[in-house]
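Survey of secondary and tertiary structure
Chain residues, written in single-letter form:
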Amino acid sequence: MKNKRKKILYTVLIIFIWMILKSTSVKAASASIVANTTTPTQGQTVTVTASVTAGAWNLNFSGAGKSEVIYGFTQTNANSSASKSITFVAGAPGTSYTFSLTGDMTDITSSNSQAVNKSLTITVKASGGNSSSGNTGSNSGNTTPNTPNNSGETNKKSNIATLKNLGIRPNDFKGFNANKLTYSTTVPYETETIEVYASKGHDKQTITGTGSKKLNMGLNKVDITVTAEDGTTKKTYTINITRKEKGDTSEDKEEEEPEEDSVQDTVFGLSELIIEGINLEPEFQTDIYEYNIELKEDIDKLDFSTLLATSVGAEIEIIGNENLQEGENIITIIIKGENEEETVTYQIIVNKIVPKENTEIVEENNEQRKKMIIIGCTIVGAMLIIIIIIIIIIKKKNSIKEKEDEGFMKYNHINDIYKESFQNSLEDEEDYDGNNKRNKGKRYK
């Protein structure tokens with residue numbers, strides 16, 4: 001009976017400890033992809049976030065022509081979480097963006113890794129409102145996200161149609177500026193043939209009009225046409241070459257380079273873009289439509305201190321400059337002129353890096369502190385319950401022993417009484433036998 005009780009108590013204790021350990025276990029390893037919307041409208045900023053919870057992870061997150069590596073491991077005895085985000089501006093209606101999360105992860109309770117293969121497709125729906133953020137006209141922004149590639153993502157096509165350099169050989173002219181479209185120069189009579197050369201401002205531009213040119217006496221007009229990657233945006237540079245007549249010894253003259261402001265005014269867009277306390281990369285120019293910023297402050301929006309258009313009366317609209325999240329954010333600046341074809345889009349890619357000591361470390365410390373408090377309270381509670389159970393067992397043992405001692409004492413007392421009674425009965429029997437003998441002797445006499 002005593003052994004049976006012990007077995008029952010030990011079984012209850014083991015079950016209780018198992019339940020405590022189970023209640024303190026962490027979530028199983030998992031991975032996911034979520035977006036703030038899966039059916040954006042054209043021009044809408046979309047943020048897609050990949051998350052993982054595991055003991056160790058090595059993942060690749062890609063989509064919309066971008067990719068992020070999510071690699072790390074937990075520094076505690078439980079699964080930890082990590083995430084990365086990709087932000088992009090939705091293109092033309094019907095465009096699809098496929099995001100994928102691949103690689104492997106390992107649960108804290110296992111030594112075997114798990115394969116991860118997640119995907120999410122985002123399709124741009126038709127917009128019923130203003131679609132001016134799209135690409136129209138010859139200066140329609142810096143990208144045209146309307147050509148899906150083999151993976152289902154969308155390629156961004158540049159509309160940059162400016163040259164990096166332009167000139168002639170021999171008798172080259174000076175003062176080339178990407179925004180200046182017309183040049184004039186004079187060459188000697190002896191120069192019968194020149195070679196026009198040009199350097200692309202973007203790798204995927206198409207240039208026509210370069211090469212060897214035969215010069216006539218007097219004015220010769222040479223046109224160099226640049227077609228951007230999008231196939232619609234074009235610019236034409238013109239070189240007016242005057243070949244002197246025989247015997248003309250006058251000095252060659254080149255057209256004076258115009259002031260910088262007047263050069264910028266020849267291109268529709270922004271003439272000045274200044275963000276308080278921020279340096280743009282590259283340095284701002286009217287015909288450069290994409291910039292990068294590394295933001296190391298935990299601020300929600302940028303302070304545009306100066307934002308001027310090259311055309312008086314142009315409308316300026318800023319999209320995406322609110323609630324900047326950690327990671328990549330895209331701010332779109334749309335300039336709309338009085339002419340519907342005068343629409344230019346600038347993009348500022350903001351990579352927000354929040355100092356780890358101010359966010360992640362604090363969050364990790366708070367999370368670890370909470371876990372330690374929970375584990376500590378659980379252990380203390382378990383120890384108290386175990387102590388209570390031990391005390392109950394000891395009390396029961398003592399109670400059983402007291403009852404056994406009491407029974408033994410009663411047994412000894414009864415045994416003493418029995419012995420005394422038995423002794424008395426023997427004595428009585430001896431007395432009885434002696435009296436009988438005496439009585440018999442008297443009779444015989």
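Report follows, based on the coordinates. Along each chain, the written sequence defines residue order, and numbers are assigned to residues from 1. Only residues with pLDDT of 70 or above have their local features reported here, since the model is predicted, and side-chain atom pairs are shown and tallied only from 80 upward, although totals for entire chains, interfaces and linings are computed over all residues. To obtain the side-chain values, all non-hydrogen atoms of the structure were used and water was disregarded.

Right, let's talk about the sheet that holds strand S22 (residues 343–352) for a bit. Sheet architecture is open: four strands sit in the order S18-S22-S21-S20, paired in mixed fashion. Looking at the sheet topology across the chains shown, the edges are occupied by strand S18 (290–295) and strand S20 (315–319). Averaged over all neighbouring strand pairs, the angle between strand axes comes to 20°, with direction disregarded. DSSP-based pairing: two strands are paired if at least 2 bridges between them are found. A run of H or I in DSSP becomes a helix once it reaches four residues, and a run of E becomes a strand once it reaches two; helices and strands are each numbered from the N terminus. With five bridges connecting them, S20 and strand S21 (residues 327–336) associate as antiparallel partners. Bridge pairing links Ile318 to Ile333 in S21. Axis lines are fitted through C-alpha atoms, for helices just across the contact stretch, and the angle between N-to-C directions can take any value from 0 to 180 degrees.

Turning our eyes to something else, we now look at the sheet that holds strand S6 (residues 96–106). If you walk across this open sheet you meet the four strands as S4-S3-S6-S7, and the pairing is antiparallel. Whereas interior strands pair on both sides, the edge strands pair on one side only; in this sheet they are strand S4 (66–73) and strand S7 (113–123). Geometrically, the sheet is characterised by an average inter-axis angle of 10° between neighbouring strands, direction not taken into account. Sheet topology note: the S6/S7 ladder contains eleven bridges and is antiparallel.

The subject of this paragraph is a nonpolar patch on the surface. A grouping of Ile379, Val380, Met383, Leu384, Ile387 and Ile391 is seen on the molecular surface, where their side chains present a nonpolar patch of about 550 Å² in accessible area. With respect to the helices and strands, Ile391 occurs in helix H3 (residues 360–444). When a residue's accessible area, from a 1.4 Å probe over protein chains only, is under 20% of the maximum for its type it is buried; when over 50% it is exposed; and in between it is partly exposed. Residue classification places Ile391 among the partly exposed residues on the basis of a relative accessible area of 42%. Every patch collects residues that have over 30% relative accessible area and no salt bridge, joining them within 9 Å if they carry like charges and within 5 Å if they are nonpolar side chains (Val, Leu, Ile, Met, Phe, Trp, Tyr). To measure how exposed things are, a 1.4 Å probe is used in the Shrake-Rupley method; for residues, cover is taken only from the protein chains shown. Salt bridge, as used here, is a side-chain nitrogen of Lys or Arg placed within 4 Å of a carboxyl oxygen of Asp or Glu.

In this fold, Asn159 is placed in the loop between strand S9 (154–158) and strand S10 (163–169). For Asn159, a relative accessible area of 3% gives the class buried.

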